[in-house]
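# Fold and geometry: a report
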Amino acid sequence: MNYWPLLQQTWSGDESGRAGGAKSSAASSAGAPVKPLPKDALVIIPLRNAVVFPGTLSPLTVGRAASVAAAQEAVKNELQAGFLLQRDPQKADVVPSDLYWVGTAGPIVRYITGQEGTHHLVVQGQSRFRILEFLEGWPFLVARVAMVPQPETEGPEVEARFLQLKEQAIEAIGLLPHAPDELAGVVRGIDSPAALADMVANVIDVKNEEKQDILETFDLVRRLDKVIALVSARTEVLKLSKEIGEKTRAHFDERQREHVLREQLRQIQKELGEGEDSSAEIEELKKAIEGAGLPSDVLKHAQRDLKRLQRMGDGGAEYSMLRTYLEWLTELPWKPQPQQPIDLTQARVVLDEDHFGLDKIKRRILEYLAVRKLNPEGKSPILCFVGPPGVGKTSLGQSIARATGRVFQRVALGGVHDEAEIRGHRRTYIGALPGNIIQAMRRAGTTNTVLMLDEIDKTGAGGFHGDPASALLEVLDPEQNHKFRDNYLAVDFDLSRVMFICTANVLDTIPGPLRDRMEIIQLPGYTEQEKIQIARRYLVRRQLQANGLRPEQANLTDSALESIVRDYTREAGVRNLEREIGSSLRHVAVQVAEGKAECVTVDAVDLPSILGPRRFENELALRSGMPGVATGLAWTPVGGDILFIEASKVPGSGRLILTGQLGDVMKESAQAALTLAKTWTSDSLEKVDIHVHVPAGATPKDGPSAGVAMFLALVSLLTGKPVRPDVAMTGEISLRGLVMPIGGVKEKTLAALRAGIPVVMLPRRNEKDLEDVPAEAREKLRFVWLDRIEDAVHYAIGDSGPAHEQTPS
Ligand SMILES: Nc1ncnc2c1ncn2[C@@H]1O[C@H](COP(=O)(O)OP(=O)(O)OP(=O)(O)O)[C@@H](O)[C@H]1O
Ligand SMILES: [Mg+2]
C-alpha cells in the first residue's frame, strides 16, 4: 500500500546541511570504489530526528558526508540501507554508541539532490533489525544485523486491540484539523495489526524517543497497547483543544451577534423616528438633574455624565447604562423635605388604635419619639423589635410611621448573603443596580421615612461575597450614614434623616457590632386572654372586611375564639389565629352569599366541621400519668413550648440511650440527670439500658434547661411512681443536686399557660424574672421554686428521698 501522498510532506532526517561535494544525482556521483559488504551487513544511515517504520514511506534529508556516501553506496548497488535514530540530535560525528541499536531497513526508492547541496531520500521501510556488531573499514557506518520478522500473531487479544486501535485512530483523525479526507479510509483498509500499529506510530505526533520505543517493542500485543495509549492521550489533547477553540468561537459569535442586533435596532429606531428622541431625552434628563436638588459635588458629577451621554449618541449598550444611571440619580430624594413635628398625643392614639396591649412597648416607643422630638438632630438609637413570628413587630413599625407622618418602607434582609444586595454592584458589572437601601429610598421618594430592616438576624454570615453585616453597620451608624456610599451610585447619599427600625426573631444571631447600635425591645408573645382580645378588637374586624362581610352578618362567639386559640393554634403570636378566623369567616361568607342566611353564628362546636379536627388537644392527658414521663418547658425562637420527656427501661448492659434530635448540651445534661437519679433506687441497673426520648417537633433541641425534667422522668421510671400531670418544669441541674437558673422564663411560663398546665416548677434563682411574666400568667399559674432536686421530687412525685444517700453537697 502506498501511503505516500498521505504523509506529512516535511523532510526529516539528517538535514544538518554540512554535505560534502555531492551536487549531482546519485547515479553520477560514484566515488572511489569501496569494498563490498558482507552478506548480513547493511550500510547504516543515522537520523537526527526521524524514526523509520516498516511498511511506511519516509521522506528524509541527509547532509553529513558519511551519510551521503552511505546513501549513494546503497542506491548504486541497489542495497537496503539501515536507518537508526541517534540519541542526541545535536551530535554531528556519531559513533555506534550514539545510536539506538534497533532500526528499520529498506531500499531508497528515490534520491534527489536539491539546490544548496541537500540530498533528499524517499525510503521504503521494510523490516525491523537489530545491530549485531559494527564493522570497520568503510567511509560510512556499516553493521552486521539480524532482521526481526514481522509477528503475525493471531488470537483474540490481538484482534481486540487491533479493532480498538483502528477505532481510536479514526476518531483521532476526525479531530485533526487538517487531516486529508482519505486518511480515515486508509486506516480502515489496513488488515494487519502489526502494519496498523506501525503506520499509526509513524504518523502520530509524539516524541522520537516514544516512536523508537514502539519500534523496539517486538511483542505485538505490547506494541498495540503502547500505540493505543499514545493515541488515546493524543485524542484527549485534541478534544480539549477543539473544545477550547469552539468555546472561543461561540463567545466571539455571541458578541458579534449582539453587535449586529444593536446595529439593526438602531436602524429600526431611526426608521421609526425614535432616534430623534435622544435629544429630547437628554433635554429631559438635564431638567431632571437641575431639579433634583443634588448636592453640588453630585450635581457636577451628573452633569459630566450627561455630557458624556450626549457625545455618545443613542442606541449603544453603554448609552442605555449611563442613562439608567442618571435616572436613578435624579429619582432619589436628595432634597430634605420639611419634617412634620412629632405630636405625642396623636402618636399615642395611633399606637393604641393599631395594637392591643403591649403597654410597656408602646411606652418605650413614645419615649423614643419624645427624645426625637426634643432633639431632632440628635443621634437616637435604632429600635430593634425582637420576638417570635406574628407578635406585631412589622405592624408596630407601620404604626410608628403612621404616628410620625412618615412613609413606611421595608427591606427584607432574610437570606441576604451578598454585601452587594445592600450596597449595590459597581456599574461596570453587567446588569448592575443599586442595593436595596437605595432602592427603598427611591420607592419612598422622601427621607422622611421609617425604613424597616426586617429579619436582621437572618442575614448571612458573609464570606466570599463580602459581609452584609458590615454594610448594615454603615447604614445604621449615625457617624457614617450621612455619607452612605452605594457601589452603583458611587456618590454619597445622606441617610441620617431616615428612621431605621430593625426586627428579629432571635438576638443571638445578630452580629455583635450591629446589636451594639440598637435598642432592643422584646415582644415575648401573648397570653390566651390577650389573644382573644386582639382577635375581638382587631383580627375579626379585619377579616370581616377582607371577606366582604358586614359585622352584623357574622357572629364568632367567645367560646369559638377561645377554642381557636386553644385547640387550633399554639403560637406566641397571632398570625395563625388570624388565618383561622379568616377561614371561619369564609365559611360564613359562602352561606351569606348563597342566601341561606342573613347572619351566621359560629360557635366552638361548629369549628371541627369548618376547621377540621382540633389540632392541640389532650396531649397532656395522653402522655402524662405514667411512670417515666415528665413535662418540660423549652424556649425556641418562635416562643416557648412544652415538651414531654419519656424514659424507659429495657434489658441491656447499663447504657444510656438518647433519641429525638438532641444537641450535645442536652445529651450531657441527660447523663448528669441519670447519675443523680440512680440514687433514688436500690435496684441494680447493670442489666438494663435506660432509654430517654424527647419527642414532639422536629426542631433540634439544645440547652441545659431540661435537666430537671429529665431527672424527674428518670426518677419516676426508677421508682415506678408517675410525675404529677399538672406540673411543667424547667431548670438546669448540677451534679451535686443543685437546681440552676435558666433563661426564657417569660416564654416558658406562657407556654405552660397555653398548654393548660397550672403548676410550673422553676429554679429559685429565677424568682426575680417573675416580674417580666404577664399578670395573667402570674395569676393563673402556681409557681414552685426549686433549690435542690429533692424539692422537685418531693413536690412532683411525692417521694420522701433517695433510696441511699449520695454525697450531699
Ligand atoms: N397587639 C396586637 N394588636 C393588634 N394586632 C396585632 C397585635 N400583634 C400582632 N397583631 C397583628 O398580627 C399580625 C402579624 O403581625 P406582624 O406581621 O407585625 O408580625 P411580626 O412580628 O412582624 O412577625 P414576623 O416575625 O413573622 O415578621 C398583623 O396583622 C398584626 O397587625
Ligand atoms: Mg414581620
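Rules and cut-offs
- Residues numbered from 1 in each chain as written.
- Chains lettered and ligands numbered in written order.
- Predicted model: local features only at pLDDT ≥ 70, side-chain atom pairs only at ≥ 80, totals over all residues.
- Heavy atoms only, no water.
- Pairing = 2+ DSSP bridges.
- Helix = DSSP H or I, 4+ residues; strand = E, 2+ residues; numbered from the N terminus.
- Core = buried A, V, L, I, M, F, W, Y, C linked by side-chain atoms within 4.5 Å.
- Buried < 20%, exposed > 50% of the residue type's maximum accessible area, 1.4 Å probe, protein only.
- Contact = heavy atoms within 4.5 Å.
- Arc of directions from axis to C-beta.
- Polar contact = N/O pair within 3.5 Å; in protein donor to acceptor, adjacent residues only side chain to side chain.
- Phe/Tyr/Trp six-rings, centres within 6.5 Å; stacked < 30°, edge-to-face > 60°.
- Lys NZ or Arg CZ within 6 Å of the ring centre and 35° of its normal.
- Axes fitted to C-alpha atoms, helices over the stretch in contact; angles between N-to-C directions.
- Parallel < 35°, antiparallel > 145°, perpendicular 65-115°, else oblique.
- Left-handed = near helix turned anticlockwise from the far one by under 90°.
- Nonpolar A, V, L, I, M, F, W, Y, C, P; charged D, E, K, R; others polar.
- Near = heavy atom within 4 Å.
- Areas by Shrake-Rupley, 256 points an atom, 1.4 Å probe, with all protein chains shown as cover.
- 1 Å grid on protein atoms, 1.4 Å probe; cavity = no way out; pocket = protein on both sides within 12 Å on 5 of 7 lines; lining within 4 Å.
- Points joined across faces, edges and corners; volume = space filled by probe spheres on them.
- Salt bridge = Lys/Arg side-chain N within 4 Å of Asp/Glu carboxyl O.

## Concerning the pairing of strand S6 (residues 108–113)
Pairing geometry for S6 and strand S7 (residues 119–124), over five bridges, is antiparallel. Bridge pairing in S7 links Tyr111 to Leu121. Hairpin connection from S6 to S7: five residues lie between these consecutive antiparallel strands, with Glu116 at a positive phi of about 55°.

## What about the nonpolar core?
Membership of the largest hydrophobic core comes to 52 residues, with the highest contact counts inside it found for Phe385, Ile400 and Ile581. If sequence neighbours within four positions are ignored, Phe385 has contacts with Ile361, Ile365, Lys393, Leu396, Gly397, Ile400, Ile501, Cys502, Thr503, Ala504, Ile521 and Leu523. Judged by nonpolar contacts, the second largest core, of 51 residues, contains Tyr319, Leu329, Met441 and Val475.

## So, helix H10 (residues 344–354)
Within H10, burial applies to Ala347, Val350 and Leu351. Take H10 and look down its axis: the buried residues cluster within an arc of 95°, on one side only. Looking at where H10 begins, the residue whose side-chain oxygen comes 3.1 Å from the main-chain nitrogen of Thr345 is Asp343.

## Description of the packing of aromatic side chains
Summed over all chains, the structure comprises five aromatic pairs. Taking the centre distance of 5.3 Å and the plane angle of 65° together, the rings of Trp101 and Phe134 count as edge-to-face. One end of the pair, Trp101, is in the loop between strand S4 (81–85) and strand S5 (102–106); the other, Phe134, is in strand S8 (residues 127–135), and 33 residues separate them in sequence. Across from the ring centre of Trp138, 4.5 Å away, lies the NZ or CZ of Lys35, which sits over that ring. Sitting above the plane of the Trp328 ring, Arg442 keeps its charged end 3.8 Å from the centroid.

## Things to note about the packing of helix H17 (residues 528–546) against helix H19 (residues 575–593)
To characterise two packed helices, one gives the angle between the axes of the helices and the distance between these axes. Two elements in contact, H17 and H19, have axes whose closest approach is 10 Å; the angle formed by their N-to-C orientations is 50°. Considered as vectors, H17 and H19 are oriented oblique to each other. Relative to H19, the crossing made by H17 is right-handed. Residue-level contacts link Lys531, Ala535, Leu539, Val540, Arg542, Gln543 and Leu544 of H17 to Leu577, Glu578, Ile581, Gly582 and Leu585 of H19. For the contact of H17 with H19, the class distribution of residues is seven nonpolar, two polar and three charged.

## Regarding the site of ligand 1
In the vicinity of ligand 1 there are 19 residues, among which Gly390, Lys393, Thr394, Arg542 and Arg575 approach most closely. Note that an oxygen atom of ligand 1 is positioned 2.6 Å from one of the side-chain N or O atoms of Thr394. Within the contact set of ligand 1, an oxygen atom lies 3.4 Å away from a side-chain nitrogen or oxygen of Asn505. In the complex, 88% of the free accessible area of ligand 1, which totals 630 Å², lies under the protein chains.

## Describing empty space enclosed by the protein
For the coordinates displayed, the defined rule picks out two cavities of 30 Å³ or more. Each pocket or cavity is described by its volume, and for the largest cavity that value is around 40 Å³. Surrounding the largest cavity, Glu528, Lys531, Val565, Arg566, Thr569, Arg570 and Arg754 form its lining. Where the lining of the largest cavity is concerned, the elements lending two or more residues are H17 and helix H18 (558–568). Split by residue class, the lining of the largest cavity holds one nonpolar, one polar and five charged. In this structure, the second largest cavity encloses a volume near 30 Å³. Lining the second largest cavity are Leu47, Ala50, Val51, Val52, Phe83, Leu84, Leu85, Val102, Gly103, Gln212 and Leu215.

## So, the sheet that holds S5
A barrel is described by the order of its strands in space; here five strands give the closed sequence S2-S4-S5-S8-S9, paired in mixed fashion. Between one strand axis and the next, the sheet turns by 50° as a mean value, whatever way the strands run. Relative to strand S9 (residues 141–148), S8 runs antiparallel, the two being bridged by seven bridges. Across the sheet, residue Glu133 finds its bridge partner in S9, namely Arg144. Against the sheet, helix H1 (residues 65–76) engages strand S2 (41–47) and S4, with an angle of about 140° to S2.

## Looking at the pattern of salt bridges
Applying the stated criterion across every chain yields a total of 40 salt bridges. Its salt-bridge partner being Asp726, residue Arg724 comes within 3.0 Å of it at the nearest N-O pair. On the basis of relative accessible area, Arg724 is assigned to the partly exposed category, the value being 33%. Residue Arg764 pairs with Asp787 through a salt bridge whose shortest N-O separation is 3.4 Å. On the criterion of sequence distance, the pair formed by Arg764 in the loop between strand S26 (759–763) and helix H25 (775–780) and Asp787 in the loop between strand S27 (782–786) and helix H26 (789–796) is long-range, its members being 23 residues apart. You can call Asp787 partly exposed: its relative accessible area is 35%.

## Here's the deal with the packing of H10 against helix H12 (residues 393–404)
Following both chains from N to C, one finds H10 and H12 inclined at 150°, their axes separated by 8 Å at the closest point. The angle between H10 and H12 places the two elements in the roughly antiparallel class. With respect to the hand of their crossing, H10 and H12 are arranged in right-handed fashion. Between H10 and H12, the residues in contact are Ala347, Val350, Leu351, Glu353 and Asp354 and Ser399, Arg402 and Ala403, respectively. Residue composition of the contact of H10 with H12, grouped by class: four nonpolar, one polar and three charged.

## Topic: the environment of Pro524
Considering the arrangement of structural elements, one finds Pro524 in the loop between strand S16 (518–522) and H17. Ignoring anything within four residues of it in the chain, the contact list for Pro524 reads Pro388, Ala572, Lys746, Glu747 and Leu750.

## Observations concerning the pairing of S5
Of all five residues in S5, five are buried; the element is thus mostly enclosed. Bridge count for S4 against S5 is three bridges, and the pairing is antiparallel. Residue pairing for S5: Phe83 is matched across the bridge by Thr104. The pairing of S5 with S8 spans four bridges and is classified as antiparallel.

## Description of the side chain of Asn766
As for its position among the elements, Asn766 is in the loop between S26 and H25. Those residues in contact with Asn766 that lie beyond four places of it in its chain are Pro741, Ile742, Val745 and Trp785.

## Notes on the sheet that holds strand S10 (residues 382–386)
The five strands lie next to each other as S11-S12-S15-S10-S16, forming an open sheet whose pairing is parallel. Both outer strands of the open sheet, strand S11 (407–412) and S16, are each paired with one neighbouring strand and no more. Direction aside, the axes of adjacent strands within the sheet are offset by 25° on average. Both S10 and strand S15 (residues 499–504) contribute to a ladder of four bridges, which runs parallel. Each residue of the ladder has a partner; that of Leu383, found in S15, is Ile501. Relative to S16, helix H11 (residues 359–374) is tilted by about 155°, and along the sheet it contacts S10, S15 and S16.

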